[in-house]
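Summary of structural features
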Amino acid sequence: MKIDLPRYEKIWITFGIGTLAAFLIIIGVMAFTMDLHPPGDNRTIIPEAISITPPFDKPGLYPSGSRNYKAAIVAKTFTFLPTEMRIPAGSTVHFEVTSPDVVHGLMIPGTNVNMLVVPGRITQFTYTFKHKGNYYLICNEYCGSGHQLMASRLIVE
Amino acid sequence: MSQAHPGYDGAVLHDAKAEFDAKDKAMIKAHLAFAYISLGLGAIAGLLQALERTGMVISLPLGTGYYQLLTLHGVLLGLVFTTLFIIGFLHSGIVKTLGGAYSNAERRVAWVGFYMMLIGVIMAGLMILTNQATVLYTFYAPLHASPWFYIGSALLIVGSWVSGVAIFMSYGRWKKANPGKPAPLFSFMSVATMILWIIATLGVAVEVLFQLIPWSFGWVPRIDVELSRTFFWYFGHPLVYFWLLPAYIYWYVNIPRIIKGKIFSDSLPRLTFILFILYSIPVGFHHQLMEPGIGYFWKFLQVILTFFVVIPSLLTAFTILATFELAGRSLGAKGRFGWVRKMPWGDVRFLAPVVGMLFFIPGGAGGIINASYQMNQVVHNTLWVTGHFHMTLATTVILTFFGISYWLIPALTNRILTPVANRLGILQTVIWSLGMLLMSVPMHITGILGEPRRTAYTTYGNAPLAEIWRPYRAMMAMGGTLLFIGIVIFLGIAIYLWYFAPKAAQSIEYPIGEVNDKAPAPPPILERWSLWVAITFALVLIAYTVPIVGMFMNPSPGSPPLRTW
């Protein structure tokens, strides 16, 4: 296929494609050698059975080592359970979240925690809280008339 | 102001035959009227919800809820205004470049498409107004809207396919009459746009017809939410290219005429549109990076394909600027940047889209950030994303659509874009740009600071977090108000051009650029649609087969319908 591509356009496109390739290589190396992936998971769960399925029957923090926690969180209209969590600074938290009703989001502003919570599935993500402070878990996917009220607190001491 | 340009006062062709066929005119005008009414209503909803969410107005008139207005705003402006305007514009250019009129059969098909869309929009709109479909324009299951909302949406989609058939029929008729000749650029691009649209909407059609409608009527008890989201986003990303491509048509085909230049190349624009068909569809996962049920490898693969779709936009940036420079030089510009001053800055038909192009530079860069896998965690579902698509769709694309309207309405009503209307249009462009800067830049900032999108006014119980957002919210409210004023001025000019502007003595020109004589003829392979469609489907199969089979092999238990508003 012969396309009339002037010399300057060739330079421009080469530069553009080169930049895109550099971006992709950087995020690809970060993803696959440093294991920096966005949230996900492949496990499924029956939304109506969350209240009798561990660990979501008792939402909360489960210590799993020194400064290591698993946080089992239920995102439901219009609250997160548990409504408050406390951890020491420097703790690594492994979040596991699910929803008994509609789609929710779980975001903690000031961190990279940003997960979409889909009923019927579990979402997981791990994050280390290095700095003390009051963090908020807020819902960032529209879930109904009380969506703007859906928040809970994580206190890092 | 330079008189050298075929501007508002020079856009008269001394050729009566250039006028549209009366029946085609009526059909195109129906599309535009429908689009502008949606624009006005969507803007009212936009103003009210902007004031609500920034805390400027707490109780909304008639007891409407924030999310109901947001649904109305998104559906009317994102889905209805765009689709109707685009299809009306494509019909006009197809008629213009493929022989001057639709055949009776083609026009009948175009009307059928129009009425299907009209009935669909009325159905879906009534459900939103009666609060039976407060599900936002993404209608994510298991939020349960009235079945008639989904049926209305399906009619809008299928109606747009029928409109595409009218375009394909006219194109086929021209190709038969002109064997071996490359189709005129406008018609090639229209066909490419409709091919992209039909392949893309297959995803949402499957979701609506096979998942949402049976489930919302209660014929099946549960819905696989992740699967429905995957079908939605298979459509949701190419949707933005369906908005963008008609703007590119204007930049590539019509603007060269307005600046007294020539189309720089006959092949590159075609290649650009082919690349959009190939790479805008198998990329929906970059909207689903934060969710479960999709493997990392597949998410990353679609991130790579998403980056490929930047290439045709880079090609466009170069080609459009080269067209401007060559036009300026042919008008006698000297020096490296002398051509800039030869551009008709005082002509709103040029100024509005060019301001839109400038906004596309930060807008496109923001898009690359959104698609950058881990970086998406910082911005996903925050107000940053709302800022991003207001800077791209609502600025780049919509300013271009304003620019098109300022000559398309005169061409259809045979009235003159008077100097006063032109100046008002320039004022409108300035107000729109300022409004969008004041709204979308703070949206980007508060998004980074953690303010979520699609959320009513909230302080999370006077959280210090929300306190940081306050000054930005005030700016957004001001920006939203300016944007509403911009729409009012635009609709005022549109009504003037439609009913009141002075009649032209001769036909108003429909600006179609000529191709530069030195540009070689486009290679015939670019018009081998079957080849490009086949490659597109191959890419879609590569990007989607394994993840979707995975969702069937490891299905979620599904969700019953829920109404949470």
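With that settled, consider the overall build of chain B. When its secondary structure is counted, chain B shows 16 helices and 0 strands. Rg of the C-alpha trace for chain B: 23 Å, near the compact-globule value of 24 Å for 565 residues, within the 12% margin. In chain B, buried positions account for 65% of the 565 residues. In chain B, 85% of the contacts between residues at least 6 apart in sequence involve partners at least 24 apart. For chain B, the computed accessible surface area is about 19400 Å², with 72% contributed by carbon and sulfur atoms.

Residues and elements named next belong to chain A. Along the chain, the position of Thr111 falls in the loop between β6 (104–107) and β7 (114–117). Residue classification places Thr111 among the buried positions, given a relative accessible area of 11%. For Thr111, the side chain forms a polar contact with the main-chain oxygen of Ile108, separated by 2.7 Å. Polar side-chain contacts of Thr111 include one of 3.0 Å to the backbone nitrogen of Val113. With residues near it in sequence (within four places) discarded, Thr111 still touches Tyr127, Phe129 and Tyr135.

All right, on to the environment of Ile535 of chain B then. Along the chain, Ile535 of chain B turns up in helix α16 (residues 529–553). Measuring from C-alpha to C-alpha, the distance between Ile535 of chain B and Asn104 of chain B comes to 34 Å, with 431 residues separating the pair along the chain.

Residue and element names in this part refer to chain B. In this model, chain B carries an average pLDDT of 93, and 97% of its residues clear a pLDDT of 70 or more. Here residues 1–16 is modelled with pLDDT under 50, and outside its nearest four sequence neighbours on either side it reaches 38 contacts, counting other chains as well. In the predicted assembly, ipTM is 0.95 and pTM is 0.95.

The next subject is the nonpolar core. Within the largest apolar cluster, 225 residues are counted, with the highest numbers of intra-cluster contacts made by Phe95 and Phe129 of chain A together with Phe89, Phe149 and Phe324 of chain B. In terms of residues, this core owes the most to one element, helix α6 (residues 225–258) of chain B, which gives 22 residues. Leave out the neighbours within four places in its chain, and Phe129 of chain A touches Ile87, Ala89, Gly90, Ser91, Val93, Phe95, Ile108, Thr111, Val113, Tyr135, Leu154 and Val156 of chain A. Judged by nonpolar contacts, the second largest core, of 8 residues, contains Tyr460, Ala463, Ala466 and Trp469 of chain B.

The subject of this paragraph is the interface of chain B and chain A. Contacts between the two partners involve 78 residues from chain B and, on the opposite side, 63 residues from chain A. Counting the contacts that link chain B with chain A gives 2 salt bridges. Where Glu48 of chain A meets Arg222 of chain B, a salt bridge forms, and the shortest distance between an N and an O atom there is 2.8 Å. The interface formed by chain B and chain A holds 25 residue pairs in polar contact (both at pLDDT 80 or more) in total. Counting residues per element, the ones that place at least two in the side of chain B that touches chain A are α6, α7 (268–279), α8 (296–308), α9 (310–330), α12 (376–379) and α15 (464–500) of chain B.

Across all of its chains, the model carries 22 salt bridges over all chains by this definition. The shortest N-O distance in the salt bridge between Glu96 of chain A and Arg43 of chain A comes to 3.0 Å. Of the two residues, Glu96 of chain A sits in strand β5 (residues 91–98) while Arg43 of chain A sits in the loop between α1 (7–33) and β1 (60–63), which places them 53 residues apart along the sequence. Across the pair Asp21 of chain B and Arg107 of chain B runs a salt bridge whose closest N-O atoms are separated by 3.7 Å. One end of the pair, Asp21 of chain B, is in the segment before α1 (22–53); the other, Arg107 of chain B, is in helix α3 (residues 104–129), and 86 residues separate them in sequence. Residue Asp21 of chain B is classed as partly exposed on the basis of its relative accessible area, which comes to 29%.

All names here are of chain B. Considering only enclosed or pocket space, the second largest pocket measures out at about 660 Å³ in volume. As for the second largest pocket, its lining consists of 37 residues, of which Leu41, Leu72, Leu76, Val121 and Gly125 are closest to the centre. Of all the secondary-structure elements, those providing two or more residues to the lining of the second largest pocket are α1, α2 (66–97), α3, α4 (147–177) and α5 (185–216). Broken down by element, the residue count for the lining of the second largest pocket peaks at 9 residues, all from α3. Taken together, the residues of the lining of the second largest pocket break down into 29 nonpolar, 8 polar and no charged.

Let us look at the packing of aromatic side chains. Residues and elements named next belong to chain B. Enumeration according to the criterion identifies 53 aromatic pairs over all chains in this entry. Look at Phe149 and Tyr150: their rings are 5.7 Å apart centre to centre, the planes differ by 75°, and that puts the pair in the edge-to-face class. In this structure, Phe149 and Tyr150 share a single accessibility class: buried. For the pair Phe232 and Trp233, a centre-to-centre distance of 5.0 Å together with 85° between the ring planes defines the contact as edge-to-face.

This part is about the side chain of Arg270 of chain B. Residue and element names in this part refer to chain B. Assignment of secondary structure puts Arg270 in helix α7. Looking at Arg270, its side chain comes within polar contact range of the main-chain oxygen of Ala183, at 2.9 Å. Contact partners of Arg270, with chain neighbours within four places excluded, come to Pro182, Ala183, Pro184, Leu185, Phe188, Pro522, Leu526 and Glu527.

Glancing now at the pairing of β1 of chain A. All names here are of chain A. Across 4 bridges, β1 lies against strand β2 (residues 68–76) in antiparallel orientation. Its bridge partner lying in β2, Pro63 is registered against Tyr69. Taking the residues between adjacent antiparallel strands as the criterion, β1 and β2 are bridged by 4 residues, where Gly65 takes a positive phi near 140°.

Attention now moves to the pairing of strand β10 (residues 151–156) of chain A. Residues and elements named next belong to chain A. Note that strand β4 (residues 84–87) and β10 share 4 bridges and pair parallel. Bridge pairing in β10 places Glu84 opposite Arg153. With 6 bridges joining them, strand β9 (residues 133–138) and β10 adopt antiparallel strand pairing. Of the residues in β10, the one forming a bridge with Gly133 is Val156.

Compared with an ideal rise of 1.5 Å per residue, which puts 12 residues at 16 Å, α7 of chain B spans 16 Å between its outermost C-alpha atoms and is within 8% of the ideal. Counting buried positions along α7 of chain B yields 12 of 12 residues, so the element is predominantly enclosed. Listed in full, the buried residues belonging to α7 of chain B are Leu268, Pro269, Arg270, Leu271, Thr272, Phe273, Ile274, Leu275, Phe276, Ile277, Leu278 and Tyr279 of chain B. Residues of α7 of chain B that are buried make contact with α1 of chain A together with α5, α6, α8, α9 and α16 of chain B.

Thresholds applied
- Residues numbered from 1 in each chain as written.
- Chains lettered and ligands numbered in written order.
- Predicted model: local features only at pLDDT ≥ 70, side-chain atom pairs only at ≥ 80, totals over all residues.
- Heavy atoms only, no water.
- Helix = DSSP H or I, 4+ residues; strand = E, 2+ residues; numbered from the N terminus.
- Rg over C-alpha atoms; globule rule 2.2 N^0.38 Å.
- Buried < 20%, exposed > 50% of the residue type's maximum accessible area, 1.4 Å probe, protein only.
- Contact = heavy atoms within 4.5 Å.
- Areas by Shrake-Rupley, 256 points an atom, 1.4 Å probe, with all protein chains shown as cover.
- Polar contact = N/O pair within 3.5 Å; in protein donor to acceptor, adjacent residues only side chain to side chain.
- pLDDT = per-residue confidence, 0-100.
- Core = buried A, V, L, I, M, F, W, Y, C linked by side-chain atoms within 4.5 Å.
- Salt bridge = Lys/Arg side-chain N within 4 Å of Asp/Glu carboxyl O.
- 1 Å grid on protein atoms, 1.4 Å probe; cavity = no way out; pocket = protein on both sides within 12 Å on 5 of 7 lines; lining within 4 Å.
- Points joined across faces, edges and corners; volume = space filled by probe spheres on them.
- Nonpolar A, V, L, I, M, F, W, Y, C, P; charged D, E, K, R; others polar.
- Phe/Tyr/Trp six-rings, centres within 6.5 Å; stacked < 30°, edge-to-face > 60°.
- Pairing = 2+ DSSP bridges.
- Expected span 1.5 Å × (residues − 1).

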